[in-house]
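For reference, the chains in residue letters:
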Amino acid sequence: MRRNAIENRDTDIKMAEDAAVIVRQACKHYGSKRTGKVILDNLNMTVPRGCIYGLLGASGCGKTTLLSCVVGRKQLNSGDVWVLGGKPGSRGSGVPGPRIGYMPQEVALVGEFTVKGAVNYFGWIFGMSDREIEERFKFLDDLLDLPPMDRYIKNLSGGQKRRVSFAAALVHNPELLILDEPTVGLDPVLRSSIWDYLVQLTANHQMTVVITTHYIEEAKEADVIGLMRGGKLLAERPPQQLMSAFNSSNLEEVFLTLSKKQEEADTDIRSTLADTLLDSIMEQEKEPQVIPHIDTISSEQGNRRKFHTSSSQRMRALLIKNFNRISRHLGGLFFIFGFPVLEVVIFFLAIGGDPKGLKLAVVDEELGNFTSCMQYSFFNPTEPILHKDETCDFHGLSCNYLNRINQSKEYYHDVEKAIESVKKGATVGMLHFHRNFSRQLQLRLDDGKDASNTTIEESELGVHLDMSNRQIGFFLEKNLLQAYLDLAQDVMRACNQSTKLAQVPMQFNDPVYGVNDENYAVFMAPGLIMSLIFFLATSLTSSILITERNEGVWDRSIVAGVTTTEILIAHIISQMVCMLMQMTIILILAFWAFDVPCVGNMVTVTVMVGLQGFCGMCFGFLVSTTCDNLTTANYFSLGSFYPYIFLCGMLWPLEGMPELLRVVAFCLPGTVPIVSMHDILRRGKSILDSQVYSGFLITILWILLECGFCIFILKLKSKKT
C-alpha cells in the first residue's frame, strides 16, 4: 500500500508539472452549515499548458470563486489545486507571484494612478526594470489602444479602465494569465484583437490563458472550454468537439442542452449525469478527442525571463502607490494640511475668550430724574468727598460701580419690567440699586454691627442673573464681584483708609503652578493637542485598508506577490509621514501662533504627541481590519470619539467623575498621556517623573495591543478565506 501511495503521489506531481492548472475534488462552501449553500462541489478541472481555457457560466455559478482558489486568495474546504507544478502559496511555487498575471472582474486599480503609473506599479512589483516596463508599455499601448498615459484612472470610462487593467496583467508576460471577464464593455473590434493576441501568445506555447467571459460565442477561439453551472463543471472539451457532439453550430445551444440534462437528472449539489451523458456521446463519434496537452515545457517557455522580485522593489511600488493616492486627492490633501490648521485656529479663537455683546438690565433708583449714569455723572460727583476734618461723604457710588462694568446696559424704572427682559432673553441679568444706596452704604460702614436692617437692605446691590448658561453666569458673577471689590478699595483709598478693610480676609498669593485668571483654552490645550493628533491619525488609517479591499487593489497586489506585512508596513510609513506633517502644523500653531505656555522640555512634548499620533494611527488600522465596509468603520471611529473626549479630562477634571468611571477613563489610550502633558507644560516635569513616563508607557502599551490585534485579525480573516 505504501508503494501504491508513493506511485500515486509521483503521478499527481507529474500531472501537475505537465498541466498549467489542475483542480481535483474541489469543494468550497459559502455561508453557514445550516444553509448548506455550496459554491464549488466535487469539481475537477485540468488546464493544459500553452492553451486558452475558456471558463463559461452564468453569474454566481462559482467562476470567480474558482479563480480565487487558483491564484491562492481563497482556500478550498477539501480537494487540491495545482498551479504551474506547485500548490498556491507554497514555498517556491511563484503563486501568488510573478509567474501569473491576474485581471479580476473589478478594475482593481488605484484611481489616483495615471495610466502609465498603473502599469509601472505592477511592473515594479513583478521585478521589472524601468526600461523593461517602458518597452512593454509601448507594445501594450498599441495592442489595447490605451488612453493617454497621463490620464488618471478615476477619470476614465469603464471600458478604458478595463483596458488598463488588462495591460497591468500582461505587463510582465507571465507564464499563466488569468482573466476574469476581461472583454466586458469593450468595443467588438478591440475584443477581436485581444483574442487574436491571446491566440498568438499560446500558439507557440509561450503562455497559458484561463479566461472567463459572458460572450459565450467568442469562446470558440479557446482551445478548451469548461461549462460551469451551480458550482460544477458540466463539460471540459474543445469547443468544436462539443458543438459536433450535440450537432450544434453555437456553444449557447450546447450549454443549454447540458443544463437541461443536469436538471432532468434531478441532481443536487452532490452529483450530475450531464458529463456522463457527454462522454457516451463522445464515444460514438469517429473523430478522436483531441485536448491540447504538452508533456514538456517548450524550450522557448523554458528560456522565459524569470523575474526575481525583492521586498525593496515591492516596497517602492507600494509607497509610490500610497503617496500618489494621498497627493493626488484634493480632499485628502486638505485633510492633511488644511484640517489641522482649521481645527486649531477655530479652537483658540472660539474657546476661552471673554463673552462679548452681553447686556445688563439696570434699575438705579439713585439716579433720580436722570435716565442713565452717563447723564448723572455729568452733573454729579461719583467719588467720595474727604473733608478737612477727616470725615468722608459718599455720592453716586451706584454710577461709580456701573462705570466699572464693561457690559452694555439698558436702564429701567421698574424692577418687574427689568426681570421680564431677562426672561425674554433681551438681557442676561438685572442689577437693582435702592434710592439711598450711597448714603446707606456709608452708614453701614460707619455703624458696623449697629447698622439697622433698613440700612443693610438698602445698601445691598440686588443681582438677578440668567444662569441657564453657566459659563456666562459664572463670568458675570466674577466680573460683578471684582468690580465691587475694586470700588470698595478705591473708596477706602479716597477716604484715607486702609484698602485692606475692603478686601476679603483671605490672601491669595502667587500660584505654585500656572497663573491667576488663566484662559480656559490654555487648560484645554494639552487635551486638544493629544486628542486632535490621535483622531486625525485614526481618520487617516481607519478607511484605507477597507478602500483597498473594496477596490480589489489589496487582493490583486497580493496575487502579484506582495505580502500582507509589506502592505501594512508601506501604509505605516506613508501614514506616518502624513501624521508627522499634521503634528508639526498643530505644534507650530499651538505654541508659536497662539502662545500656549510650556514650562517643560519641548522635545519631551514632541515625542509624547508623536507617540499619541502613532497610537491613533494603529487604532485606525485596527478599525480598518475589523470592519468590512466604510459605513461600519465610520460608526466605529465616531462612536469612539465621544467617550475619548468626555473621559480624557480635557473638558472637565477627572476628579469630578465618579470613582468607577474614573477607573475606566484611566484605561483609555489618551487619559494618562493628557495628564502627563499637563505636567510637562504647566509644571515643568521631566520624563524621569513618574507622572510623565507613565503616559509614555500607557501609549506604548496601547500601540503594542493595537498592532497585535491587527495581526491577529488579518491572520484570522486569511484563514477564513
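Residues numbered from 1 in each chain as written. Predicted model: local features only at pLDDT ≥ 70, side-chain atom pairs only at ≥ 80, totals over all residues. Heavy atoms only, no water.

## A short note on the overall build of the protein
Here comes step 1: Regarding its fold elements, the protein presents 27 helices and 15 strands.
Here comes step 2: Out of the 721 residues in the protein, the part that is buried amounts to 48%.
Here comes step 3: Considering only residue pairs separated by 6 or more positions, the protein has 74% of its internal contacts joining residues 24 or more positions apart.
Here comes step 4: When the accessible area of the protein is evaluated, it comes to approximately 35,900 Å², of which 56% is carbon and sulfur surface. (Helix = DSSP H or I, 4+ residues; strand = E, 2+ residues; numbered from the N terminus. Buried < 20%, exposed > 50% of the residue type's maximum accessible area, 1.4 Å probe, protein only. Contact = heavy atoms within 4.5 Å. Areas by Shrake-Rupley, 256 points an atom, 1.4 Å probe, with all protein chains shown as cover.)

## Brief notes about the side chain of His571
Here comes step 1: Looking at where His571 falls in the secondary structure, it is placed in helix H22 (residues 564–593).
Here comes step 2: Non-local contacts of His571, meaning those with residues more than four positions away in its chain, are made with Lys321, Asn322, Ile544, Leu545, Glu548, Met576 and Phe621.

## Quick word on the sheet that holds strand S13 (residues 408–411)
In a beta sheet, neighbouring strands pair by backbone hydrogen bonds and run either parallel or antiparallel.
Here comes step 1: Spatial ordering of the open sheet is given by S13-S10-S14-S15, a layout of 4 strands whose pairing is mixed. Each having just a single partner strand, S13 and strand S15 (462–465) make up the two edges of the open sheet. Sheet twist, expressed as the mean angle between neighbouring strand axes with direction ignored, is 25°.
Here comes step 2: Where strand S10 (residues 359–364) meets S13, 4 bridges bridge the pair, whose relative direction is parallel. Of the residues in S13, the one forming a bridge with Val362 is Tyr411. (Pairing = 2+ DSSP bridges. Axes fitted to C-alpha atoms, helices over the stretch in contact; angles between N-to-C directions.)

## Notes on the packing of aromatic side chains
Here comes step 1: Scanning all chains against the criterion turns up 20 aromatic pairs.
Here comes step 2: Ring geometry for Phe370 against Tyr376: centres 5.7 Å apart, planes inclined by 90°, an arrangement best described as edge-to-face.
Here comes step 3: For Tyr376, a relative accessible area of 11% puts it in the buried group.
Here comes step 4: Pairing Phe535 with Phe641 gives two aromatic rings, centres 5.0 Å apart and planes at 75°, and the pair type is edge-to-face. One end of the pair, Phe535, is in helix H19 (residues 520–541); the other, Phe641, is in helix H24 (residues 630–647), and 106 residues separate them in sequence.
Here comes step 5: Residue classification places Phe535 among the buried residues on the basis of a relative accessible area of 10%.
Here comes step 6: Residue Phe641 is classed as partly exposed on the basis of its relative accessible area, which comes to 29%.
Here comes step 7: Through a chain of ring-to-ring contacts, three or more aromatic side chains come together here, namely Phe534, Phe535, Phe619, Phe636, Phe641, Tyr642, Tyr644 and Phe646.
Here comes step 8: Over the aromatic face of Phe137 sits the side chain of Lys116, whose NZ or CZ is 5.5 Å from the ring centroid.
Here comes step 9: Over the aromatic face of Phe122 sits the side chain of Arg556, whose NZ or CZ is 4.8 Å from the ring centroid. (Phe/Tyr/Trp six-rings, centres within 6.5 Å; stacked < 30°, edge-to-face > 60°. Lys NZ or Arg CZ within 6 Å of the ring centre and 35° of its normal.)

## Brief notes about the sheet that holds strand S9 (residues 232–237)
Here comes step 1: Across the sheet, 6 strands lie side by side as S5-S6-S7-S3-S8-S9; this open sheet has mixed pairing. Taken across any chain shown, the strands that pair with only one partner, and hence form the sheet edges, are strand S5 (100–103) and S9. On average, adjacent strands in this sheet sit at an angle of 15° to one another, irrespective of strand direction.
Here comes step 2: As paired strands, S5 and strand S6 (residues 176–180) are joined by 4 bridges and run parallel to one another. Directly across from Met103, in S6, lies its bridge partner Leu179.

## Side note on the nonpolar core
Across soluble globular proteins, nonpolar side chains show a tendency to be buried alongside one another.
Here comes step 1: Formed by 127 residues in total, the largest nonpolar core has its most connected members in Phe166, Leu177, Leu198, Leu227, Phe348 and Val609.
Here comes step 2: Among the elements that line this core, the one with the most residues is H19, at 13 residues.
Here comes step 3: With near-sequence residues (within four places) excluded, Val609 lies in contact with Ile529, Met530, Ile533, Met583, Leu587 and Met677.
Here comes step 4: Counting residues in each nonpolar core, the second largest holds 32 residues, with Met45, Val47, Cys51 and Val224 among its members. (Core = buried A, V, L, I, M, F, W, Y, C linked by side-chain atoms within 4.5 Å.)

## Description of the state of the cysteines
Here comes step 1: Throughout the structure, instances matching the rule amount to 2 disulfides.
Here comes step 2: Residue Cys373 pairs covalently with Cys399 via a disulfide, S to S 2.3 Å. Residues Cys373 and Cys399 are joined by a disulfide whose S-S torsion is about -90°; by sign, that bridge is left-handed. Within this pair, whereas Cys373 is found in helix H13 (residues 373–379), its partner Cys399 is found in helix H14 (residues 397–402), the two being separated by 26 residues in sequence.
Here comes step 3: Relative accessible area serves as the criterion here: at 0%, Cys399 is assigned to the buried category.
Here comes step 4: One disulfide in the model links Cys392 with Cys495; its S-S distance is 2.0 Å. Judged by the sign of its S-S torsion, about -60°, the cystine formed by Cys392 and Cys495 is left-handed. One end of the pair, Cys392, is in strand S12 (residues 392–393); the other, Cys495, is in the loop between helix H18 (470–494) and H19, and 103 residues separate them in sequence. Accessibility assignment for this pair places Cys392 and Cys495 in one class, buried.
Here comes step 5: Left unpaired, Cys618 is separated from the closest cysteine sulfur, that of Cys707, by 3.6 Å. (Disulfide = S-S within 2.5 Å.)

## Points about helix H4 (residues 130–144)
Here comes step 1: Here H4 spans 20 Å end to end across 15 residues, near enough to the 21 Å set by a 1.5 Å rise per residue.
Here comes step 2: Within H4, burial applies to Glu132, Ile133, Arg136, Phe137, Leu140, Leu143 and Leu144. Within H4, the buried residues cover an arc of 130° as seen down the axis, which keeps them to one side. The outward face of H4, more than 90 degrees from its buried face, is lined by the exposed residues Arg131, Lys138 and Asp142.
Here comes step 3: Buried residues in H4 make contact with helix H3 (115–125), helix H5 (158–170) and helix H6 (188–203).
Here comes step 4: Note on H4: the residue one or two positions beyond its end, Asp145, has a positive phi of about 50°. (Expected span 1.5 Å × (residues − 1). Arc of directions from axis to C-beta.)

## Let's talk about the pattern of salt bridges
For side chains bearing opposite charge, pairing can occur when the charged atoms are close.
Here comes step 1: As enumerated under the stated definition, the model contains 16 salt bridges in all.
Here comes step 2: One salt bridge connects Asp555 with Arg73, and the closest N-O pair in it is separated by 2.8 Å. Of this pair, Asp555 sits in helix H21 (residues 553–559) while Arg73 sits in the loop between helix H2 (63–70) and strand S4 (78–83); the two residues are 482 residues apart in sequence, bridging distant segments of the chain.
Here comes step 3: Asp555 sits in the partly exposed class, given a relative accessible area of 31%.
Here comes step 4: The exposure class of Arg73 is partly exposed, given its relative accessible area of 21%.
Here comes step 5: For Arg99, the salt bridge identified is with Glu175, shortest N-O distance 2.9 Å. (Salt bridge = Lys/Arg side-chain N within 4 Å of Asp/Glu carboxyl O.)

## Quick word on a nonpolar patch on the surface
Here comes step 1: Side chains of Phe323, Phe337, Ile569, Ile573, Val577 and Met581 sit close together on the surface and give an oily, nonpolar patch of about 440 Å² of accessible area.
Here comes step 2: A total of 4 residues in the nonpolar patch trace back to one element, the largest contributor, which is H22.
Here comes step 3: When you line up the elements, Ile569 lands in helix H22.
Here comes step 4: Using a relative accessible area of 39% as the deciding quantity, one classes Ile569 as partly exposed. (Patch = residues over 30% accessible without salt bridge, like charges linked within 9 Å, V, L, I, M, F, W, Y side chains within 5 Å.)

## Side note on the pairing of strand S7 (residues 208–213)
Here comes step 1: Of all the 6 residues making up S7, 6 are buried; the element is thus mostly covered by neighbouring parts of the structure.
Here comes step 2: In terms of strand pairing, strand S3 (residues 52–56) meets S7 through 5 bridges, oriented parallel. Note on S7: the bridge partner recorded for Tyr53 is Val210.
Here comes step 3: Relative to S7, S6 is paired through 5 bridges, and the arrangement is parallel. Residue pairing across strands places Ile178 opposite Val210, the latter belonging to S7.

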